[in-house]
Amino acid sequence: MKRIVKKVAVLGSGVMGSRIACHFANIGMEVLLLDMVPKELLPVEEAKGLTLESMTVRNRIVNLSLDTAVKSNPAPLFSKTFIKRITTGNFDDDMSKIAEADWVIEVVVERLDIKKTVFDQVEQFRKAGTLITSNTSGIPIHLMAEGRSEDFKQHFCGTHFFNPPRYLELLEIIPTSFTHQEVIDFLVHFGDKMLGKTVVLCKDTPAFIGNRIGVYSMLALTHLVEQMGLSVEEVDKYTGPAMGHPKSATFRTADVVGLDTLVNVAKGLVENVRDDEAKGVFQLPAFITKMVENKWLGEKTKKGFYEKVKATDGSSEILSLDLKTLEYGPQHKIKSDTMEATKGVEDIRKRMQVYAQGHDKAGELFRAMHYPLFEYVSKRVPEITDDFFRIDDAMRAGFGWEIGPFEVWDALGVRDTVAKIKDELKRLPGQEGKVAQWVLDMLAAGHESFYKIENGVRHYYDISSKSYKPIPGAEDRIVLDHVRETKTIWKNSGVSIIDLGDGIINCEFHTKMNTIGGDVIEGIHKAIDLAEKEYRGLVISNDGKNFSAGANIGMIFMMAVEQDFDELDTAVRTFQNTAMRIRYSAIPVVVAPFQLTLGGGCEFSMHADFVQLHAETYMGLVEFGVGVIPGGGGSKEFALRASDEYKADQIVQNTLKDRFLTIGQAKVSTSAVEAYELGYLQAGKYSITMNRARLLADAKVKALELADAGYVQPAPRKDIKVLGNQGLGIVYVGASSMRAGNFISDHDKKISEKLGWVMCGGNLSAPTEVSEQYLLDLERKAFVELCAEKKTLERIQHMLTKGKPLRN
């Protein structure tokens with residue numbers, strides 16, 4: 001059956017409902033968002049003479065919820081304009097409108113009786129064949145399906161989004177025995193390609209997969225804290241990014257999520273996991289019970305494991321909770337030989353090995369938390385899933401782990417670790433150091449790992465067939481980690497050029513933060529050389545956390561400090577030439593950015609034949625923050641694009657102003673959509689990939705499309721119309737008024753004037769057509785002159801040492 005979803009109805013507009021509605025609006029859906037009718041008037045409504053029958057009152061709950069969501073940070077919408085795609089209403093007046101929807105998602109309060117009441121209404125109006133799902137974090141799906149019509153049950157399942165729905169990648173799909181396979185297949189496909197989710201198919205068991213393992217892991221730590229006498233700061237230091245977990249680590253995460261939320265899930269598990277050998281882990285330690293009694297729930301109550309206080313001098317300090325005395329005090333600096341040893345170990349799997357060998361508290365905690373975790377997850381198969389890789393997927397996508405528990409186990413060596421699990425002295429309630437039998441059977445059969453790579457495709461050990469099978473969907477994706485070893489055709493210290501097959505190669509950066517220095521520049525030129533001689537097209541992308549943080553400003557700083565301006569001029573010229581080579585090569589070049597795409601990374605994207613970018617791309621020309629203008633072609637490119645937007649032979653001055661301010665205010669997009677709105681992308685020359693895991697494959701397809709269409713090398717532009725002195729006057733007046741109002745510093749004024757000088761084409765008496773090279777020469781001259789300024793050096797040094805811009 002071919003199923004098309006054009007309109008979605010979301011029932012319930014709370015924190016999750018409103019944000020789920022926003023994410024469907026992000027992908028172009030028409031959304032109907034409904035909630036309850038208020039039972040009482042607010043004083044302000046009474047003062048206006050409104051009644052409970054007034055429509056503004058009847059839709060107050062849903063409208064207020066949506067307004068709060070749209071104003072929240074991080075933003076749930078790719079663009080604020082997308083709110084037009086959402087229509088609001090209420091259950092009493094508008095439930096009949098769900099008959100127009102192709103998918104109805106229930107997101108009301110987590111109470112089975114209330115959900116069933118809503119489903120009674122849904123049954124009255126829902127058309128046969130419409131998808132109907134519930135966003136629940138733990139209510140058994142089969143209980144919600146009880147008493148429903150046959151068609152309802154066939155098209156019903158759980159869809160558990162994680163909060164915030166736009167940003168957290170996990171979507172759990174929980175079918176019942178009645179759910180049609182076609183419905184399951186569609187939701188898995190739609191969640192993956194359209195919503196950009198890591199879709200994890202779950203059994204209908206308590207807390208499903210993500211929360212079952214995630215809450216176990218977090219509560220296990222709370223028991224270990226008591227056994228090992230660890231402080232809050234120690235736990236968060238040891239279990240953060242170094243361990244491949246989020247920066248918020250353990251207790252900061254609990255404060256953000258809310259201790260009450262954690263406790264509610266734990267209580268539900270205690271009640272419902274009667275056959276779980278480790279259910280005692282879900283029993284709350286005394287200090288958490290006391291914190292809940294005191295309403296120390298985290299950020300929502302202003303204190304939890306941490307408390308932010310103000311000193312008498314007005315400065316802020318974050319105190320930590322002493323878990324023995326339950327008193328707040330100053331945080332202590334944590335030192336650890338194991339943590340020091342992990343520094344500089346970029347490969348997360350090798351870092352896990354360093355942790356496991358540690359002899360201090362960090363190493364001891366790593367073993368004490370992971371060995372019982374390995375035992376626990378092995379025994380959850382086949383209870384919560386038949387396929388163990390789904391547990392890893394859930395922990396990566398829902399809890400921000402770099403690698404999941406079975407992947408960590410692989411990194412440590414499965415066979416060696418089984419013996420260590422048995423010998424681990426620290427025990428958690430109900431656990432005895434014995435892994436599930438299927439793991440022992442796997443090892444007995446000579447299979448030494450849970451995963452392996454074959455022909456660039458990741459395989460997992462399938463328990464039922466006792467053989468390795470491709471992870472579903474892996475064939476449609478390209479993971480550089482899986483092909484780098486066998487498909488690299490050239491490399492240096494900062495770049496690997498990898499054959500993606502079908503005549504397309506990829507240029508991968510692997511410097512720190514993927515910054516662009518001489519090695520990356522050399523690699524890009526080499527990739528284009530190779531592609532022009534032997535291949536059909538080039539993709540520029542990588543598997544890092546960010547596409548690129550821009551040029552290596554440390555290198556620029558050294559040349560500027562040494563006042564080697566000739567060398568600096570040459571370096572900038574080389575950077576510009578690289579951007580121009582990307583644009584004017586004999587083969588199509590597709591850049592595939594994601595996450596941070598700043599400075600030079602943005603400039604390279606702006607010069608590509610096509611940009612295939614991830615939805616979560618934060619793109620910007622941020623050079624103003626370090627006291628210079630974009631010098632790798634970005635300033636030139638905005639002048640060119642303003643020229644292309646002339647109307648009736650007149651420059652659209654507002655366009656020039658907008659482009660100028662985008663650079664001058666160092667605006668960074670909050671999404672791929674906003675990158676287009678800010679002018680970093682051009683209509684018809686970009687496309688958005690929702691699922692990051694599909695980005696490289698999508699970019700390869702686009703490169704092949706351009707090659708198949710008969711790609712022709714374009715000619716450099718010589719028809720760029722600039723304003724000259726006419727535009728400079730506007731820029732100088734604007735900069736002077738901003739300085740007079742104390743909105744910018746003297747140095748900001750100087751940078752603004754330099755940028756205006758470039759974008760207006762310099763000292764020209766009248767609007768004139770110029771070439772790209774003319775503007776690049778102006779851009780480079782302005783960049784080098786600004787690098788000679790003392791204030792610029794101060795800003796660059798501040799950025800290098802503090803990691804943030806300095807306004808001076």
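Up top you'll find the structure we're talking about.
What counts, and at which threshold
- Residues numbered from 1 in each chain as written.
- Predicted model: local features only at pLDDT ≥ 70, side-chain atom pairs only at ≥ 80, totals over all residues.
- Heavy atoms only, no water.
- Helix = DSSP H or I, 4+ residues; strand = E, 2+ residues; numbered from the N terminus.
- Buried < 20%, exposed > 50% of the residue type's maximum accessible area, 1.4 Å probe, protein only.
- Contact = heavy atoms within 4.5 Å.
- Areas by Shrake-Rupley, 256 points an atom, 1.4 Å probe, with all protein chains shown as cover.
- Pairing = 2+ DSSP bridges.
- Axes fitted to C-alpha atoms, helices over the stretch in contact; angles between N-to-C directions.
- Salt bridge = Lys/Arg side-chain N within 4 Å of Asp/Glu carboxyl O.
- Polar contact = N/O pair within 3.5 Å; in protein donor to acceptor, adjacent residues only side chain to side chain.
- Expected span 1.5 Å × (residues − 1).
- Arc of directions from axis to C-beta.
- Phe/Tyr/Trp six-rings, centres within 6.5 Å; stacked < 30°, edge-to-face > 60°.
- Parallel < 35°, antiparallel > 145°, perpendicular 65-115°, else oblique.
- Nonpolar A, V, L, I, M, F, W, Y, C, P; charged D, E, K, R; others polar.
- Core = buried A, V, L, I, M, F, W, Y, C linked by side-chain atoms within 4.5 Å.
- Right-handed = clockwise from strand over helix to strand, strands pointing away.
- Disulfide = S-S within 2.5 Å.

Visitor: Would you mind showing me how to read the overall build of the protein chain here?
Guide: Across its full length, the protein chain carries 34 helices and 25 strands. Going through the 808 residues of the protein chain one by one, you find that 55% of them count as buried. The long-range share in the protein chain, meaning contacts at least 24 apart out of those at least 6 apart in sequence, stands at 71%. Here the protein chain displays about 34,500 Å² of accessible surface, and carbon together with sulfur accounts for 52% of that area.

Visitor: Help me understand the sheet that holds strand 10 (residues 316-322), please; the structure alone is not making it clear to me.
Guide: The strands that make up a sheet pair up through hydrogen bonds in the backbone, lying either parallel or antiparallel. Here we have three strands laid out as an open sheet, ordered 9-10-11, and antiparallel in their pairing. Bordering the open sheet on either side are strand 9 (306-310) and strand 11 (327-329), each of which pairs with just one other strand. Averaged over all pairs of adjacent strands, the angle between their axes in this sheet comes to 40°, without regard to strand direction. Sheet topology note: the strand 10/strand 11 ladder contains three bridges and is antiparallel. Its bridge partner lying in strand 11, D322 is registered against E327.

Visitor: Honestly, the side chain of S635 in this entry has me stumped. Any pointers?
Guide: Looking at where S635 falls in the secondary structure, it is placed in helix 27 (residues 634-643). Non-local contacts of S635, meaning those with residues more than four positions away in its chain, are made with I629, P630, I663, L755, V758, M759 and E779.

Visitor: I keep staring at the pattern of salt bridges and nothing clicks. Help me out?
Guide: Between side chains of opposite charge, a pair can form as their charged atoms come close. Applying the stated criterion to the full structure yields 64 salt bridges. The partner of K290 in a salt bridge is E293, with the nearest N and O atoms 3.8 Å apart. Residue K290 and its partner E293 are both found in helix 14 (residues 286-293); the two are separated by three residues, about one turn of the helix. Three or more residues are tied together by salt bridges with common partners; here these are R212, D276, E277, R380 and E383.

Visitor: What is the right way to look at the side chain of R583 in this model?
Guide: With respect to the helices, strands and loops of the structure, R583 is situated in helix 25 (residues 565-583). Of note is the side chain of R583, whose polar atom sits 2.9 Å from the backbone oxygen of M606. Aside from chain neighbours lying at most four places away, what touches R583 is M606, H607, D609, K636, E637, L640, R641, Y711, P714 and E772.

Visitor: Looking at this structure, I do not really get helix 31 (residues 725-740). What am I missing?
Guide: Because an α-helix completes one turn every 3.6 residues, residues spaced three or four positions apart along the sequence face the same direction. For helix 31, spanning 16 residues, the distance from its first C-alpha to its last is 22 Å, which sits close to the expected 22 Å at 1.5 Å a residue. Among the residues of helix 31, those classed as buried are G727, L728, V731 and A735. Along helix 31, the residues classed as buried sweep out an arc of 100° about the axis, all on the same side. Exposed positions of helix 31 whose direction lies more than 90 degrees from the buried face are V733 and A740. Immediately downstream of helix 31, the backbone of N742 shows phi near 60°, a positive value.

Visitor: What exactly am I supposed to notice about unusual backbone geometry here?
Guide: Trans peptide bonds make up most of the peptide bonds, and negative phi angles are found at most residues other than glycine. A cis geometry characterises the amide bond from N163 onward to P164, with omega recorded as 0°. By the secondary structure assignment, P164 is in the loop between strand 6 (156-161) and strand 7 (170-175). For the peptide bond that leads from V381 to P382, omega is 10°, which places it in the cis range. Its location among the elements puts P382 in the loop between helix 17 (361-379) and helix 18 (389-399). The phi dihedral of L326 falls on the positive side, at around 55°, and the residue is not glycine. Looking at the element boundaries, L326 is found in the loop between strand 10 and strand 11. Residue classification places L326 among the buried positions, given a relative accessible area of 19%. Positive phi outside glycine occurs at K466, with the angle close to 55°. With respect to the helices and strands, K466 occurs in the loop between strand 13 (457-462) and strand 14 (467-470).

Visitor: How should I be thinking about the packing of aromatic side chains in this particular structure?
Guide: Within a pair of aromatic rings, the relevant descriptors are the distance that separates the centres and the angle that separates the planes. Throughout the structure, instances matching the rule amount to 34 aromatic pairs. With a centroid separation of 5.6 Å and 75° between ring planes, the pair formed by W103 and F190 is classed as edge-to-face. Of the two residues, W103 sits in strand 4 (residues 103-106) while F190 sits in helix 9 (residues 181-193), which places them 87 residues apart along the sequence. Each member of the pair, W103 together with F190, is buried.

Visitor: Help me understand the packing of helix 10 (residues 210-228) against helix 14, please; the structure alone is not making it clear to me.
Guide: Geometry of a packed helix pair, given as the angle between the helix axes and the separation of the axes. Where helix 10 meets helix 14, the closest approach of the two axes is 9 Å, and the angle between their N-to-C directions is 110°. Here helix 10 is positioned roughly perpendicular relative to helix 14, judged by the angle of their axes. Listed contacts from helix 14 to L219, T222 and E226 of helix 10 are A286, F287 and I288. Residue classes in the contact of helix 10 with helix 14 are distributed as four nonpolar, one polar and one charged.

Visitor: I would appreciate a short explanation of helix 16 (residues 348-356) in the present structure.
Guide: Within the sequence span of helix 16, burial applies to I348, R351, M352, Y355 and A356. Along the axis of helix 16, the buried positions cluster into a sector of 140°, meaning they face one direction only. Packed against the buried residues of helix 16 are helix 11 (232-238), helix 15 (337-342), helix 17 and helix 19 (405-412). Two or three places before R349, at the start of helix 16, stands the capping residue D347, its side-chain oxygen 2.9 Å from that residue's backbone nitrogen.

Visitor: It is not clear to me how the sheet that holds strand 16 (residues 495-501) should be interpreted in this structure. Could you clarify?
Guide: Spatially, 15-16-17-18-19-21-23 is the arrangement adopted by the seven strands of the open sheet, whose pairing is mixed. The outermost strands of the open sheet, each flanked by one partner alone, are strand 15 (488-491) and strand 23 (686-689). Each neighbouring strand pair of the sheet contributes to a mean axis angle of 20°, computed without reference to strand direction. Here strand 17 (residues 504-509) pairs with strand 18 (residues 537-540) via four bridges, running parallel. Among the inter-strand pairings, I505 is bridged to a residue of strand 18, identified as L538. Here helix 23 (residues 518-534) sits on the sheet and contacts strand 15, strand 16, strand 17 and strand 18; the angle it forms with strand 17, its principal contact strand, is near 180°.

Visitor: Would you take a moment to explain the pairing of strand 15 for this structure?
Guide: Sheet topology places strand 15 next to strand 16; three bridges connect them, and they run antiparallel. Following the sheet pairing, T488 is matched in strand 16 by I498. Here strand 15 folds back onto strand 16, and the loop between the two strands holds three residues.

Visitor: Is there a simple way to explain the nonpolar core in this structure?
Guide: Membership of the largest hydrophobic core comes to 116 residues, with the highest contact counts inside it found for F305, F388, W409 and F450. Beyond its immediate stretch of four places on either side in the chain, W409 contacts F374, S378, V414, T417, V418, I421, V435, V439 and F450.

Visitor: Just checking my understanding: could you explain the pairing of strand 8 (residues 198-201) for this structure?
Guide: Two faces make up the sheet, and in a regular strand the side chains alternate between them. Where strand 7 and strand 8 come together, four bridges link them in parallel fashion. Note on strand 8: the bridge partner recorded for L171 is V199. Crossover connection from strand 7 via helix 9 to parallel strand 8: handedness right-handed.

Visitor: Please clarify how the environment of G494 should be interpreted in this entry.
Guide: Inspection of the secondary structure puts G494 in the loop between strand 15 and strand 16. In this structure, the C-alpha to C-alpha distance between G494 and V520, residues 26 residues apart in sequence, is 5.4 Å. With residues near it in sequence (within four places) discarded, G494 still touches E508, F509, H510, T511, D519 and V520.

Visitor: It is not clear to me how the environment of I403 should be interpreted in this structure. Could you clarify?
Guide: Mapped onto the fold, I403 is located in the loop between helix 18 and helix 19. On the basis of relative accessible area, I403 is assigned to the buried category, the value being 6%. I403 has contacts with I348, R349, M352, R396 and V408, leaving out every residue within four places of it along the chain.

Visitor: How should I be thinking about the state of the cysteines in this particular structure?
Guide: In protein chemistry, a disulfide is the covalent bond that joins the sulfur atoms of two cysteines. Enumeration according to the criterion identifies zero disulfides in this entry. Its sulfur unpaired, C507 is 18 Å from the next cysteine sulfur, which belongs to C602. C507 sits in the buried class, given a relative accessible area of 0%.

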